[in-house]
Structures are given as C-alpha cells and as structure tokens.
Amino acid sequence: MEDMRIRRAGPPLTLRPPRFAGRLHDPRTATAIGRWLGAAIALCFVTGVLSHYVQRPPDWLAGALPGRPVWGYRVTQGLHVASGIAAIPLLLAKLWAVYPRLFVWPALRSVRHALERISVAVLVAASVFQLGTGLLNTAQWYPWPFSFIPVHFAVAWLLLGALVLHIAVKYPEIKAHWSRRSPGTLELPAEEGPDRRSLLAGVAAAVGAVTLTTVGQSLTPLRWFDLLAPRHPDHGEQGLPVNRTAAAAGVGPTALDGWRLTVTGPRSYSLTLDQLAALPQHTVTLPIACVEGWSKSARWTGVRVRDLLERAGAPPGAALRVVSLERRGAYRVMEMGGGYTDDPLTLLALRLNGEVLSLDHGYPARVIAPNRPGVWQTKWVSGMEVV
Ligand SMILES: Nc1nc2c(c(=O)[nH]1)N[C@H]1C(S)=C(S)[C@@H](COP(=O)(O)O)O[C@H]1N2
Ligand SMILES: [Mo]
C-alpha cells in the first residue's frame with residue numbers, strides 16, 4: 001500500500017526506449033551495409049543451389065551434368081564458402097546498425113507493421129542459422145540433431161523469401177539512401193561524415209581480413225595467407241589434404257586382403273590390382289573440390305572409367321554405381337551419370353602425384369572425375385556396377 005502511494009505521487013511511470021542518434025544507426029548506413037550483405041547472400045544462394053543440384057541431382061539432371069569446365073565445381077563451391085564467410089562480418093555490422101529499431105515504440109503500430117517485424121525476425125533468424133551452420137560445416141562440426149544438407153538447403157529458400165520481402169518492403173528507403181547524392185529525406189546529411197566513413201572502412205577491412213585468411217583454402221595462389229581455414233592445401237600426405245582418413249572410415253590393411261575390382265555389367269569381370277595396373281594408364285590433372293570449401297589440384301594416374309565400362313559391355317555413356325570398401329558412411333556408394341563415365345578424364349586412379357595412392361587417399365583405387373564435388377571422388381573402390 002505504502003509503496004503504491006509513493007509511486008503514484010511521483011512522476012508517471014513510463015517505459016522510455018533508449019534513444020539513438022547519429023549517422024551510424026541511420027538508414028543510409030543500413031543501406032550501405034545492406035547492399036553488400038545482400039550481394040554476398042545472393043552469391044552464396046546461387047552458388048549454394050548450384051552446388052546442391054550438382055551433388056544431389058534429380059534423375060532427369062543426373063545424366064546431363066557436364067565434366068567441363070573441370071574447375072567448375074571448385075569455383076562455385078569456393079565462392080559459396082567465401083561469400084558465406086564474408087557475409088558474417090557484414091551481417092554483424094548490419095544488425096548493429098539497425099538494432100535500435102528493436103526498441104521502436106509502440107512495438108506494433110499496425111497489421112502491416114506487425115507483418116514487417118515478423119518478416120525481419122524470420123530474415124535475421126534464417127541468416128544467423130545459415131551462416132552459423134555453414135561455418136561449422138566447413139569445420140566438419142555438427143553440434144545439432146538434424147541432417148545438415150536438407151535443412152541448410154530448405155532454410156536457404158526461407159532466407160531468400162524473407163530477403164525478397166524485406167527488400168520489397170524497404171524499397172522506398174533503400175532507393176532514397178542508395179547513393180550519397182540522392183536527395184532522399186530532408187534529415188539525410190548531405191556529406192558522409194568521418195564516423196560513417198570509418199565504420200564502413202572498418203567493415204570493409206573485416207570482410208577483407210576474413211576473406212584473405214580463408215580463401216587460400218581453395219584459391220591456392222593465396223594459400224600463404226590461409227591462416228584461419230580448417231584446411232590448408234599444403235597439409236596432407238602426397239601433397240593433398242585428407243578429408244576422411246582410412247582409420248575413420250574403418251578401412252584397415254585387413255580389409256584390403258585379397259582385394260579385387262569387380263565390374264558388374266552385361267559382361268561382368270573382376271581384376272586384381274596387378275591386372276588393373278597392366279591396363280593402359282592415363283594421367284590427368286584434376287582438383288579435389290571438397291564441399292566443405294577446400295580445394296586442391298593434383299596429378300592422377302589410372303585407368304579410364306570408360307575403358308573399364310566398355311570391357312564390361314556397357315553402352316557408351318552408361319550410368320555407373322561405384323561401391324567402396326568402407327563399411328558404413330554416407331559416401332560408401334556413389335552414382336555417376338553418363339556425362340562423367342564417358343569423359344576421358346574420369347579415371348579409376350591408382351597413383352597420386354606420381355606415387356602409389358596412400359591408404360588415406362583411397363588405396364588401392366579411387367575415382368577422380370572432372371567438375372564434381374569431392375564427396376563423390378570415392379576412395380577405396382571395390383566395385384563398379386553398370387546401371
Ligand atoms: N569411400 C569414401 N570416399 C570418399 C570419402 C568418404 O568419406 N568415403 N570422402 C570424400 C570427400 S568428402 C572428399 S573431399 C574426398 C577427399 O579426398 P582425399 O581425402 O584423398 O583428399 O574424398 C571423398 N571420397
Ligand atoms: Mo569433401
């Protein structure tokens with residue numbers, strides 16, 4: 001009783017949201033950062049969708065995927081991971097620039113305003129989710145109960161939808177603040193001011209720093225600066241990083257006892273390693289382009305897959321299923337469309353950079369094909385089936 005009386009006597013109790021002034025939280029700053037963030041997300045989305053369909057093509061596409069350019073997947077996946085990493089400082093800066101709007105009062109002014117706030121909430125949640133899960137995936141760390149690929153793919157579309165909606169809703173403001181010279185609203189300062197320029201320069205420096213210290217994992221001329229990426233192109237036996245070791249895959253020397261390659265088709269056969277090595281050998285230079293972002297070119301020597309298929313009586317351009325010795329694991333069985341099997345660059349490789357494949361690189365035989373995700377460069381091959 002006493003308390004209430006005293007309070008009633010004082011000044012009226014009102015919730016006062018914090019006030020934010022200055023150029024760093026104004027729409028011009030939000031627009032300046034937002035367009036770079038939008039560009040990074042757009043690039044990340046397009047390359048991500050491409051990567052998804054190359055890795056998991058629907059049936060109608062599987063036979064049509066091309067082996068050229070040989071570096072195609074390396075470039076699109078490198079861009080996907082680089083644009084995602086660059087988007088992280090941009091997203092943080094953008095959220096910092098606009099967070100005062102969390103405190104707008106009244107919180108909901110109209111139905112339209114409520115919908116706008118919900119769409120921003122979805123946009124922020126989807127962006128944080130995509131960049132967070134994507135970054136952890138580059139480190140092969142999956143601290144969540146769901147399967148990464150389908151969820152990352154689905155949320156990408158949610159993010160795209162929320163982003164398109166956001167740009168549509170904000171279009172008048174974006175237009176007014178797009179360029180320094182546009183008159184926009186009256187309160188827009190005519191000149192940029194040192195504070196905004198320093199903020200934008202700081203954000204650009206952060207983007208440059210995270211890019212420079214990670215992009216060398218796939219853009220190998222910059223590998224000297226690759227300090228922060230999980231993989232370094234130069235670390236790994238025979239001059240190539242290893243993604244999954246033989247020990248991790250449960251492939252030990254005993255698993256190799258009596259190894260033979262079995263080719264199943266109209267005229268099935270099997271070969272020992274010596275017989276395989278006695279067939280015509282070809283050498284190709286092709287990259288492993290891992291979906292996790294690292295990539296490195298290497299020299300591979302082995303038998304052309306199309307020669308092996310022809311020997312099994314398969315028609316040219318037949319699709320193929322490849323089975324690994326590995327007992328479990330998502331990449332034990334791989335399917336390959338006719339575009340790859342017919343390609344003279346697609347090999348069942350026995351040697352890497354001039355040496356017999358090490359066990360970690362897939363001894364005794366592994367697949368190497370052009371313009372394909374690393375996950376499908378199957379190691380420890382034991383069987384090939386004409387489909
Ligand atoms: N059988 C089998 N093959 C596999 C894998 C696997 O887990 N099992 N990992 C793939 C992945 S994700 C990549 S990036 C490449 C890496 O090849 P490397 O370890 O020889 O560099 O192998 C692929 N081949
Ligand atoms: Mo990979």
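Anything mentioned here points back to the structure above.
The text that follows walks through the structure, step by step, so that each part is easy to find.

Criteria and cut-off values
Residues numbered from 1 in each chain as written. Chains lettered and ligands numbered in written order. Predicted model: local features only at pLDDT ≥ 70, side-chain atom pairs only at ≥ 80, totals over all residues. Heavy atoms only, no water. Core = buried A, V, L, I, M, F, W, Y, C linked by side-chain atoms within 4.5 Å. Buried < 20%, exposed > 50% of the residue type's maximum accessible area, 1.4 Å probe, protein only. Helix = DSSP H or I, 4+ residues; strand = E, 2+ residues; numbered from the N terminus. Domains from an automatic or database assignment. Contact = heavy atoms within 4.5 Å. Phe/Tyr/Trp six-rings, centres within 6.5 Å; stacked < 30°, edge-to-face > 60°. Lys NZ or Arg CZ within 6 Å of the ring centre and 35° of its normal.

## Digging into the nonpolar core
And then number 1: Within the largest apolar cluster, 34 residues are counted, with the highest numbers of intra-cluster contacts made by Leu-261, Leu-276, Leu-308, Leu-348 and Met-384.
And then number 2: Put simply, the parts of the chain that give this core at least two residues each are strand S1 (261-264), strand S2 (269-271), helix H10 (305-311), strand S5 (320-324), strand S6 (333-336), strand S7 (347-352) and strand S10 (381-386).
And then number 3: The dominant element in this core, judged by the number of residues it contributes, is H10, at three residues.
And then number 4: Residues from two domains meet in this core; each of domain 1 (27-225) and domain 2 (238-386) gives at least three.
And then number 5: Ignoring any residue separated from it by four or fewer positions in sequence, one finds Leu-308 in contact with Leu-261, Val-263, Tyr-269, Leu-271, Leu-276, Leu-279, Val-303, Leu-348 and Met-384.

## Remarks on the packing of aromatic side chains
And then number 1: Tallied over the entire structure, the rule returns 10 aromatic pairs.
And then number 2: Arranged with centres 5.0 Å apart and planes meeting at 85 degrees, the rings of Phe-45 and Trp-157 form a pair that is edge-to-face. Of this pair, Phe-45 sits in helix H2 (residues 27-55) while Trp-157 sits in helix H6 (residues 148-177), placing them 112 residues apart in sequence.
And then number 3: Aromatic pair Tyr-142 and Phe-148: ring centres 6.3 Å apart, planes at 55 degrees, arrangement tilted.
And then number 4: For Tyr-142, a relative accessible area of 37% gives the class partly exposed.
And then number 5: An aromatic cluster of three or more residues is present, and its members are Phe-129, Tyr-142, Trp-144, Phe-146 and Phe-148.
And then number 6: Positioned above the aromatic ring of Trp-178, the side-chain terminus of Arg-35 is 4.7 Å from the ring centre.
And then number 7: Against the face of Tyr-340 rests Arg-372, its NZ or CZ located 4.6 Å from the ring centre.

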